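Notes for the structure review
The residues making up each chain are set out below.
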Amino acid sequence: MNDSLNSPLKKMPKTMQFPSSSANTAPRFSWQILPACEISPEAWLRTMWKEDFEEGLPGHLDVINHDVAQELFAAQNSPIVHNGEKPTWWPGEQEGYWHEAYIHAAFQLGDEAAIQRATNYVEAVLRSQGPSGYMGIYNPASRLLRPDDVQYGEFGGELHAQVHLFLALIAFYEYTGRAEVLEAVEKAAQLTIASYPDGPFGTAGEQTPLVGGNSHSGSFIDGMMQLYRHTGDERYLTFVALMYSSYTKHPPRDHDLIPKVLDDHEACFHCHGAHTAESFHWASALVVAGLPGAEARAEAAMEKLGRHLTPGGAMVSNEFVEGLYGNGYELYEYCTQAELIKSLTWIAQYQSDTVAAGRAERMFLNASMGARIHPLGGLQYMSRDDRIEIPDAKEREGVKNLGKTKHFQISSIIRPTCCPASAGRPVHYYLSSAWMKRPAGDALALMNFMPCTLRTEIAGVELVIEEQTQYPFSDSVKLAFTVSSPARFPIAIRLPEEGSLKVVPVDGMEQSEKDGFLWLTKEWKTGDVVDLELDLPVVLEKTKDGKASYYRRGPITYALRFAADLTKVEENPNWRTGEPGGLFEYAVAVEDQSTWGSRIDPAEKFVPVSLPGDFDHPWNEPVIGLKGKLIDAEGKPFPVTLVPEGAAISRRVTFLDTSHSPEEAAQQKDGREASIGH
């Protein structure tokens, strides 16, 4: 048996979600995301995750940021009041975000000290759960208020904070198999469900349409769909449908997913991006719940989302979508993309949606990587695809002064803390989009290529598939099988959006294409190897607003990289001791910006090239590029090598063609004014 089976994950308890081929945990899903312990990262993905956790925000934000370290869920004594700068649900939300990511990293990396710390956190929360089952941040006088209570509407956020604790606890359950953890979440969820027999939305004073707390209640569907995935209990789907009925009757401030919007083909998304992204899977969840008309609305939601996507795959959200079509200079919020990667991955399982899976992949590999540094010691709360200098902002000067606040700086501590607290979440949701299983337990789907190892059971057989690849930095993928005994079952491999997927024939293997998948079926045995080769064209693609173009190959969007000086300008202190905290504020300076105004000749052919980078650190030292020519200010072609967007701190992704003047091409568009979404 392969040496990789001796990894720390092999020692984890077997999951209880798919014990045999007769398992039918979430029968209404087309595919089912696997328990987190069944897929482990390898190669560059593991190296990145490890360094991010050991050196960056996912493992150390609590050193410099009080918001994620208050342990509000264990204390259960917060009042529902506005606490100066932020409402009380904010730190609850952020504590949940950060601990969810921390738990995934601790177990995936086999960090024993971090696992013990995560265990201590979970056990403290469980001890706080009283006879009622409540798990949340509020004291008895403030918790689970009625929707017509003024405090609920104005300060709200109870269900939103609560559900992010649920996600953290469910993650812990998936790695440990400790049934009492899932039982505690179910008990708390049932209390909340019983507390809102008419749903969580309603009229609650004049402030309700103006603030975002009540809007966030929609995120509670995350917990409902996760509990349905684990238990198959249809009461959770029923509450998802009830929530939507309540949301439809009493739309909160952020209401991009109401029927009035989804049913109107001309309507675009306009609301706060994070709200829209976190609940974006709602429309597809309603298909699972069996609501009439839900399928058409789910399709409409995906079509509308497509209008607002940037070349790097992000949804415009600065912080509101404002009906803006995607381009290279509109802003997008980091945590919005984290939420959208989650939503799209879940849609892929609900409806076997290959478009959703591809969008999740593209967003992670471009916009998400491009809004941060490596290791993940800092990020931009609000980023854009086209960006050059990123100034330091020691003093908060008002969020509307673009480039002069920490919301645009590369920073390790930004308030609201949603983005740095969410820093470690995208990698887990990306990893979870790799392999899925049919609810009947009789087939596998390879949704997104990435270096990883799958360990699961199918047809009563223990199965290991090593996905040996450097994808997306390589076009080759090798699947190496180890099984406890031979077993016949199909594997559905998502086909690329463009180009082709070639498979080296294997004796006894049947091949067919259907519904966007290449299906491979055989009796799989230990030692079987399937060699896959992608043949992907270079695509010159228009931005969604039609005003510029960019180059893409497969999931990777390419950029003209500028030599940039990334400088640490200030070290943030340990909030407990005042000593240096090990995480910094950054500024990015670019001395030579002369090629910013480069234009393209649409007839010019760019070709893929290999670069002498580092496959363990491909975002710092890129290993692939596109070679071709751009047009300078004098109209002359000059050679360039474009690199992946995420591998360029300072970059130009979108270009005008030669029908535009050099002066127009050289403009640095700063995007629209931004306003923080509370």
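Residues numbered from 1 in each chain as written. Predicted model: local features only at pLDDT ≥ 70, side-chain atom pairs only at ≥ 80, totals over all residues. Heavy atoms only, no water.

**Structural notes on the pattern of salt bridges**
Our working rule: Should a side-chain nitrogen of Lys or Arg be within 4 Å of a carboxyl oxygen of Asp or Glu, the pair is scored as a salt bridge. For each residue, the accessible area found with a 1.4 Å probe, counting protein chains only, is set against the maximum for its type, and the residue is called buried under 20%, exposed over 50%, and partly exposed in between.
In the structure shown here, the tally under the stated rule is 28 salt bridges. For Arg-178, the salt bridge identified is with Glu-180, shortest N-O distance 2.7 Å. Overall, the relative accessible area of 24% leaves Arg-178 in the partly exposed class. When its relative accessible area of 36% is taken as the criterion, Glu-180 is described as partly exposed. Across the salt bridge formed by Arg-425 and Glu-339, the nearest N and O atoms sit 3.0 Å from each other.

**Comments concerning the pairing of strand S22 (residues 565-573)**
What counts, and what does not: A strand pair is defined by DSSP finding two or more bridges across the two strands. A run of H or I in DSSP counts as a helix once it spans at least four residues, and a run of E counts as a strand once it spans at least two, with each numbered from the N terminus.
Sheet analysis places S22 next to strand S23 (residues 580-589), joined by eight bridges and oriented antiparallel. The residue bridging Leu-566 from the neighbouring strand is Val-588, located in S23. With antiparallel pairing between neighbouring strands as the criterion, S22 and S23 make up a hairpin whose turn holds six residues, including Gly-578 at a positive phi of roughly 80 degrees.

**Section: the environment of Ala-367**
Here is the rule: By the convention used here, residues are in contact when the closest approach between their heavy atoms is within 4.5 Å.
Within the secondary structure, Ala-367 is located in helix H16 (residues 354-370). For Ala-367, a relative accessible area of 1% gives the class buried. Beyond its immediate chain neighbours, meaning those up to four positions away, Ala-367 contacts Gly-312, Ala-314, Tyr-332, Arg-362 and Glu-645.

**Details of the sheet that holds strand S10 (residues 444-446)**
Taken in spatial order, the six strands of this open sheet run S1-S9-S10-S14-S17-S16, and their pairing is mixed. Of all strands in the sheet, those bounded by a partner on one side alone are strand S1 (32-33) and strand S16 (510-514). The pairing of strand S9 (residues 435-437) with S10 spans three bridges and is classified as antiparallel. Across the sheet, the residue bridging to Lys-437 is Leu-444, located in S10.

**Considerations on the side chain of His-160**
For clarity, the cut-off: Here a polar contact is taken to be a pair of N or O atoms separated by no more than 3.5 Å, where protein atoms must pair a possible hydrogen donor with a possible acceptor and residues adjacent in sequence count only if both atoms sit in side chains.
Mapped onto the fold, His-160 is located in helix H7 (residues 158-176). His-160 sits in the buried class, given a relative accessible area of 0%. For His-160, the side chain forms a polar contact with the side chain of Ser-219, separated by 2.7 Å. Contact partners of His-160, with chain neighbours within four places excluded, come to Trp-89, Glu-93, Tyr-97, His-216, Ser-219 and Glu-278.

**Here's the deal with unusual backbone geometry**
Geometrically, the link from His-374 to Pro-375 is a cis peptide bond, its omega value of -5 degrees lying close to zero. Structurally, Pro-375 is set in the loop between H16 and strand S6 (379-380). One non-glycine residue, Glu-322, lies in the positive phi region at around 60 degrees. You can see Glu-322 is positioned in the loop between helix H14 (294-307) and strand S5 (332-333). In this structure, Ser-352 takes a positive phi of about 50 degrees despite not being glycine. Among the structural elements, Ser-352 can be located in the loop between helix H15 (334-351) and H16.

**Structural notes on the sheet that holds strand S12 (residues 461-469)**
Just so we agree on the cut-off: Lines fitted to C-alpha atoms define the axes here, with helix axes fitted over just the stretch in contact, and angles between the N-to-C directions of these axes take values from 0 to 180 degrees.
If you walk across this open sheet you meet the six strands as S2-S11-S12-S13-S18-S15, and the pairing is antiparallel. The sheet terminates laterally at strand S2 (39-41) and strand S15 (500-503), the two strands that pair on one side only. Ignoring which end each strand starts from, the neighbouring axes of this sheet average 20 degrees apart. Of the strand pairs in this sheet, strand S13 (residues 476-483) and strand S18 (residues 529-535) are connected by five bridges, and their pairing is antiparallel. Note on S18: the bridge partner recorded for Ser-476 is Glu-533.

**Re the packing of aromatic side chains**
Two measures describe an aromatic ring pair: the distance that separates the ring centres and the angle between the ring planes. Under the convention used in this document: Stacked, edge-to-face and tilted are the three classes for Phe, Tyr and Trp ring pairs, Trp counted by its six-membered ring, which pair at centre distances within 6.5 Å; planes under 30 degrees apart are stacked, over 60 edge-to-face, the rest tilted.
Applying the stated criterion across every chain, the model contains 28 aromatic pairs. On the numbers, 5.8 Å between centres and 40 degrees between planes, the contact of Phe-562 with Trp-596 is tilted. You can see Phe-562 sitting in the loop between strand S21 (556-561) and S22 and its partner Trp-596 sitting in the loop between S23 and strand S24 (607-610), a full 34 residues away along the chain. Across the pair, Trp-596 and Phe-562 agree in class, each one buried.

**Brief notes about the nonpolar core**
Nonpolar side chains in soluble globular proteins tend to be buried together. In plain terms, the rule: We define a nonpolar core as any set of buried Ala, Val, Leu, Ile, Met, Phe, Trp, Tyr and Cys residues linked to one another through side-chain atoms lying within 4.5 Å.
Core analysis: the largest hydrophobic core is formed by 198 residues, its most contacted members being Phe-280, Trp-282 and Trp-435. Considering each element in turn, this core owes the most residues, 13 residues, to H7. Apart from the residues lying within four places of it in its own chain, the contact partners of Trp-282 are Phe-201, Gly-218, Ile-221, Val-240, Met-243, Tyr-244, Tyr-247 and Leu-257. Counting six residues, the second-largest nonpolar core is a separate cluster that includes Ile-373, Ile-410, Phe-584 and Val-588.

**Section: the state of the cysteines**
The test is simple: Only a pair of cysteine sulfur atoms within 2.5 Å counts as a disulfide in this structure description.
Taken as a whole and judged by the stated rule, the model has zero disulfides. Cys-271 takes part in no disulfide bond, and the closest cysteine sulfur to it belongs to Cys-268, at a distance of 12 Å. Judged by relative accessible area, Cys-271 falls into the buried class, the value being 8%.

**A word on the pairing of strand S20 (residues 549-553)**
Among the five residues in S20, five count as buried, and that is most of the element. Across the two faces of S20 the burial is the same, with Ser-549, Tyr-551 and Arg-553 and Tyr-550 and Arg-552 all buried. Two successive antiparallel strands, strand S19 (residues 538-542) and S20, enclose a turn made up of six residues, where Gly-546 displays a positive phi of approximately 75 degrees. Sheet topology note: the S20/S21 ladder contains two bridges and is antiparallel. The residue of S21 that forms the bridge with Arg-552 is Thr-557. With antiparallel pairing between neighbouring strands as the criterion, S20 and S21 make up a hairpin whose turn holds two residues, including Gly-554 at a positive phi of roughly 60 degrees.

**Quick word on helix H2 (residues 57-64)**
Extensive coverage of H2 is indicated by the burial of six of its eight residues. Taken together, the buried positions of H2 are Leu-57, Pro-58, Gly-59, Leu-61, Asp-62 and Ile-64.

**Considerations on the environment of Arg-362**
Along the chain, the position of Arg-362 falls in helix H16. The residues contacting Arg-362, other than those within four sequence positions of it, are Pro-311, Gly-312, Gly-313, Ala-367, Glu-541, Tyr-550, Arg-552, Pro-555 and Thr-557. One polar contact links Arg-362 to Glu-541, side chain to side chain, over a distance of 3.1 Å.

**Section: the packing of H7 against helix H8 (residues 179-195)**
The condition that has to hold: Should an angle fall under 35 degrees it is taken as roughly parallel, and over 145 as roughly antiparallel, whereas 65 to 115 is taken as roughly perpendicular and any remaining angle as oblique. When the near helix sits turned anticlockwise from the far one by under a right angle, the crossing is termed left-handed; a clockwise turn instead gives a right-handed crossing.
Two numbers describe how H7 lies on H8: the axes approach to 9 Å, and their chain directions differ by 160 degrees. Considering their axes alone, H7 and H8 lie roughly antiparallel with respect to each other. In the crossing of H7 with H8, the sense of the turn from one axis to the other is left-handed. The segment H7 lies against H8, with Leu-159, Gln-162, Phe-166, Leu-169, Ile-170, Phe-172 and Tyr-173 engaging Ala-179, Val-181, Leu-182, Val-185, Ala-188, Ala-189 and Thr-192.

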